[in-house]
Amino acid sequence: GTGVNTFTNLLMTFVVGQTFLSMLCAMKFGVFFFFGGIGLIAILFAIFFIPETKNVPIEEIEEMVVHRHWFWRRVVSGTKAPVNALRSGSSLVQISRDASGQPRLSMIDPAKAAQVGMVDVSPTGDVAAPRAYSAAKMDRPGV
């Protein structure tokens with residue numbers, strides 16, 4: 001991650017350094033509008049395509065990006081979800097497919113999920129992490 005970031009940063013710095021003088025001679029002061037436009041595009045991309053994750057639990061980030069974001073839910077809708085039940089407050093979010101084969105999220109009660117074997121229950125009755133698909137004897141949804 002960090003190495004790729006550093007390499008890309010240095011590569012782009014090299015490209016800008018090699019092309020800036022030629023662009024300045026050809027475009028005069030327009031070169032500053034060119035780079036300003038690239039910066040504006042980057043800002044707009046960040047505003048519209050990168051969802052805010054401040055104070056969002058890690059468990060909800062995938063659901064937020066894959067299922068609720070206006071753009072990314074269309075782009076990554078064919079990917080496999082790592083679990084079939086995600087924790088969401090006092091309920092569980094079950095990922096399944098409807099009759100037409102489309103992914104569907106539904107809220108289920110943790111007690112019901114424990115009855116059908118989707119989650120483990122601690123000795124105190126608290127719902128723990130979702131079980132693996134083989135333990136729950138369920139087919140993994142292709143979400």
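Above this text you will find the structure in question.
A brief report on the enclosed structure follows.

What counts and what doesn't
- Residues numbered from 1 in each chain as written.
- Predicted model: local features only at pLDDT ≥ 70, side-chain atom pairs only at ≥ 80, totals over all residues.
- Heavy atoms only, no water.
- Salt bridge = Lys/Arg side-chain N within 4 Å of Asp/Glu carboxyl O.
- Buried < 20%, exposed > 50% of the residue type's maximum accessible area, 1.4 Å probe, protein only.
- Patch = residues over 30% accessible without salt bridge, like charges linked within 9 Å, V, L, I, M, F, W, Y side chains within 5 Å.
- Areas by Shrake-Rupley, 256 points an atom, 1.4 Å probe, with all protein chains shown as cover.
- Helix = DSSP H or I, 4+ residues; strand = E, 2+ residues; numbered from the N terminus.
- Contact = heavy atoms within 4.5 Å.

Let's shift gears to the pattern of salt bridges. Under the counting rule described, the total for this entry stands at one salt bridge. In this structure, Arg68 engages Glu63 in a salt bridge whose closest nitrogen and oxygen atoms are separated by 3.4 Å. Arg68 gets classed as partly exposed once you look at its relative accessible area, which sits at 48%.

This part is about a nonpolar patch on the surface. On the surface, Leu40, Ile43, Leu44, Ile47, Phe48 and Trp70 cluster together into a nonpolar patch covering about 610 Å² of accessible area. Of note, Leu44 is situated in helix H2 (residues 30-49). With relative accessibility at 38%, the residue Leu44 sits in the partly exposed group.

Structurally, Val66 can be placed in helix H3 (residues 58-68). Spatially, the C-alpha atom of Val66 lies 6.3 Å from that of Val76, the residues being 10 residues apart in sequence. Those residues in contact with Val66 that lie beyond four places of it in its chain are Trp72, Arg73 and Val76.

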